[in-house]
2 protein chains.
Amino acid sequence: MRITAKADYAVRAAAVLAAAVPGVPVKGEAIATAQHIPLNFLENILRELRRAGIVRTQRGADGGYLLAVGPETVTVADVIRAVEGPLAEIQGERPEQLHYDGAATALADVWIALRANIRSILENVTLGDIARGQLPESVQMLVDDPDSWKARIR
Amino acid sequence: MRITAKADYAVRAAAVLAAAVPGVPVKGEAIATAQHIPLNFLENILRELRRAGIVRTQRGADGGYLLAVGPETVTVADVIRAVEGPLAEIQGERPEQLHYDGAATALADVWIALRANIRSILENVTLGDIARGQLPESVQMLVDDPDSWKARIR
DNA sequence: ATGATCTCAACAAATTTAGTTGACAAAGTG
DNA sequence: CACTTTGTCAACTAAATTTGTTGAGATCAT
Ligand code: FES
Ligand code: FES
């Protein structure tokens, strides 16, 4: 259950673009220094975001990277899925297509619920939210009181 | 964001022990064949669970593995943390101790909320729940309606 | 044309994952 | 006691993934 450097870099770079003045390209090097990301690695990542339709690019002098769409329409989940695969995998497979037997049968449902809860965060936060520094209320509540779930219902 | 084979195996093995008749050791080979886990790898894992105090062992003929504590007192999170480190890491660090700048400042809170939501599943499901095949109501609701979060509150 | 910038394929070091091997220790059985 | 069964442990390894780097080229504005 770890977020890789690549995914973290991707979201940070996308947040920089979301915060930039619209229509003006941001240079790769500007993003790299602002977020302390190795430039070459960052360019690999930005190219993948471009292929996914999240970023668009402008070559030549005064070139750089821009968001291809509105900051409020791109979620963190979109960015992560563009550079890694699906959000939540078990042994490299999607939760649905693994099969559990005997005492572990119910484990499949645990992984499905886990993925649903991961998505409830990552698909609910947009690049605009991060750039503005204001997260959705349902997410901010979890930050303010991370132990709220401790009331166990059965 | 992936669950490794090791973590998956660990929970499955622990679920088998939770389902076994209390006080009677289960042989490593029995767990391995029941859950299709390579025996040697499984033994590595069970030894880590023993060091974590989740499992206890009995050597010799009629030996095997037993839960060291009640199935209802061990959560999936406990098992995963015993064989991997912390539940949620960003670039190998805990969400608190990473520093974000500029447009990405709010990203730290996103990771914190993400971890809180991961814990709300994994710390709420016990080995007993899995062995009995009955998950807590709050978890089961997510399985039945994985898209319930789609109502976005801001 | 020229210099700045993105594009892409290929390479590679470090780390993690997913095991395997083999010698050994303890517990029971005859 | 000898012997078999079973867990213990350290060391080793192969493959995949992560985290980059290198260098040659394509494209754009001026
Ligand atoms: S075939 Fe289902 S776990 Fe073995
Ligand atoms: S289907 Fe394969 S072990 Fe059950």
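Here, every reference points to the structure presented above.
All of the points below concern the structure found in this document.

1. Some thoughts on the pairing of strand β2 (residues 55-58) of chain B
Residues and elements named next belong to chain B.
Next, step 1: Examined bridge by bridge, β2 and strand β3 (residues 64-67) share four bridges and lie antiparallel to one another. When the sheet's bridge partners are listed, V55 is paired in β3 with L67.
Next, step 2: Between the end of β2 and the start of β3, which pair antiparallel, lie five residues, with G60 showing a positive phi angle near 80°.

2. So, the protein's contact with DNA strand D
Next, step 1: By nearness alone, 25 residues border DNA strand D, and R59(A), K27(B), R47(B), T57(B) and R59(B) come closest of all.
Next, step 2: Protein-proximal atoms of DNA strand D, defined as those within 4 Å of the protein, fall in sugar or phosphate at a share of 77%.
Next, step 3: One of the side-chain nitrogen or oxygen atoms of Y9(A) is found 3.1 Å away from a phosphate oxygen of DNA strand D.
Next, step 4: At 3.2 Å, a side-chain N or O of N44(A) approaches a base oxygen of DNA strand D.
Next, step 5: When contributions to the surface near DNA strand D are tallied by element, the ones reaching two or more residues are α1 (5-19) and α3 (39-51) of chain A together with α3 (39-51), β2 and β3 of chain B.
Next, step 6: The residue makeup of the surface near DNA strand D, split by class, is seven nonpolar, 10 polar and eight charged.

3. Overview of the packing of aromatic side chains
Residue and element names in this part refer to chain B.
Next, step 1: The full count for this structure, using the stated rule, is two aromatic pairs over all chains.
Next, step 2: Ring geometry for Y9 and F41: centres 5.8 Å apart, planes at 80°, overall edge-to-face. Residue Y9 is located in helix α1 (residues 5-19), and its partner F41 is located in helix α3; the two are separated by 32 residues in the primary sequence.
Next, step 3: With a relative accessible area of 32%, F41 lands in the partly exposed category.

4. Examining the interface of chain B and chain A
Next, step 1: Taken residue by residue, the interface counts 64 residues in chain B and 66 residues in chain A.
Next, step 2: Counting the surface lost from both chain B and chain A, the interface buries some 5700 Å², and carbon and sulfur atoms represent 62% of this.
Next, step 3: Looking only at chain B, the three residues that lose the most surface to chain A are M1(B), Q91(B) and W149(B), adding up to 14% of its buried area.
Next, step 4: Taken together, the links from chain B to chain A amount to two salt bridges.
Next, step 5: Across the pair R119(B) and D147(A) runs a salt bridge whose closest N-O atoms are separated by 3.2 Å.
Next, step 6: There are 21 residue pairs in polar contact (both at pLDDT 80 or more) connecting chain B and chain A.

5. Side note on unusual backbone geometry
Next, step 1: A positive phi angle, close to 55°, is found at Q91(A), a residue other than glycine.
Next, step 2: According to the relative accessible area criterion, Q91(A) is partly exposed, its value standing at 29%.

6. Notes on the environment of G28(A)
Residue and element names in this part refer to chain A.
Next, step 1: Here G28 is to be found in helix α2 (residues 28-35).
Next, step 2: Along the chain, G28 and A18 lie 10 residues apart, while their C-alpha atoms are 14 Å from each other.
Next, step 3: Look past the residues within four positions of G28 in its chain and what remains in contact with it is L39, L42 and Y65.

7. Focus on a positive patch on the surface
All names here are of chain A.
Next, step 1: Taken together, the side chains of R47, R50, R51 and R59 make up a positively charged region of the molecular surface.
Next, step 2: Note that R51 resides in helix α3.
Next, step 3: Relative accessible area serves as the criterion here: at 60%, R51 is assigned to the exposed category.

8. Observations regarding the relation of the copies chain B and chain A
Next, step 1: Mapping chain B onto chain A leaves a residual RMSD of 0.1 Å; the transformation is a rotation of 180° accompanied by 0.0 Å of translation along its axis. The superposition operator between the copies reduces to a two-fold rotation axis. Of every C-alpha in chain B, the one belonging to M1(B) sits nearest the axis of rotation, 2.4 Å from it.
Next, step 2: A share of 100% of interface residues in chain B that are also interface residues in chain A marks the association as one of identical surfaces.

9. Description of the nonpolar core
Next, step 1: Of all hydrophobic cores here, the largest spans 110 residues; its most connected members are W111(A), L122(A), W111(B) and L122(B).
Next, step 2: Ignoring sequence-local partners within four residues, the contact set of L122(A) consists of T75(A), V76(A), A77(A), I80(A), L87(A), V110(B), W111(B) and L114(B).

10. Some details on the environment of F41(B)
Next, step 1: The sequence separation of F41(B) and A14(B) amounts to 27 residues, and the corresponding C-alpha distance is 14 Å.
Next, step 2: When neighbours within four sequence positions are excluded, F41(B) is seen to be in contact with K6(B) and Y9(B).

11. Quick look at the packing of α3(B) against helix α4 (residues 76-83) of chain B
Residues and elements named next belong to chain B.
Next, step 1: Two elements in contact, α3 and α4, have axes separated by 9 Å at closest approach and are oriented at 110°. Classed by the angle they form, the pair α3 and α4 counts as roughly perpendicular. As α3 runs across α4, the sense of the crossing is right-handed. Within the contact between the two elements, α3 uses I45, E48 and L49 and α4 uses V79, A82 and V83.

What counts, and where the lines are drawn
- Residues numbered from 1 in each chain as written.
- Chains lettered and ligands numbered in written order.
- Predicted model: local features only at pLDDT ≥ 70, side-chain atom pairs only at ≥ 80, totals over all residues.
- Heavy atoms only, no water.
- Pairing = 2+ DSSP bridges.
- Helix = DSSP H or I, 4+ residues; strand = E, 2+ residues; numbered from the N terminus.
- Near = heavy atom within 4 Å.
- Polar contact = N/O pair within 3.5 Å; in protein donor to acceptor, adjacent residues only side chain to side chain.
- Nonpolar A, V, L, I, M, F, W, Y, C, P; charged D, E, K, R; others polar.
- Phe/Tyr/Trp six-rings, centres within 6.5 Å; stacked < 30°, edge-to-face > 60°.
- Buried < 20%, exposed > 50% of the residue type's maximum accessible area, 1.4 Å probe, protein only.
- Contact = heavy atoms within 4.5 Å.
- Buried area = accessible area lost by both parts, 1.4 Å probe.
- Salt bridge = Lys/Arg side-chain N within 4 Å of Asp/Glu carboxyl O.
- Patch = residues over 30% accessible without salt bridge, like charges linked within 9 Å, V, L, I, M, F, W, Y side chains within 5 Å.
- Areas by Shrake-Rupley, 256 points an atom, 1.4 Å probe, with all protein chains shown as cover.
- Lys, Arg positive; Asp, Glu negative; His and termini not counted.
- Charge placed at Lys NZ, Arg CZ, Asp CG, Glu CD.
- Least-squares fit on C-alpha atoms with pLDDT ≥ 70 in both.
- Core = buried A, V, L, I, M, F, W, Y, C linked by side-chain atoms within 4.5 Å.
- Axes fitted to C-alpha atoms, helices over the stretch in contact; angles between N-to-C directions.
- Parallel < 35°, antiparallel > 145°, perpendicular 65-115°, else oblique.
- Left-handed = near helix turned anticlockwise from the far one by under 90°.

Any link to function would need more than the numbers given here.
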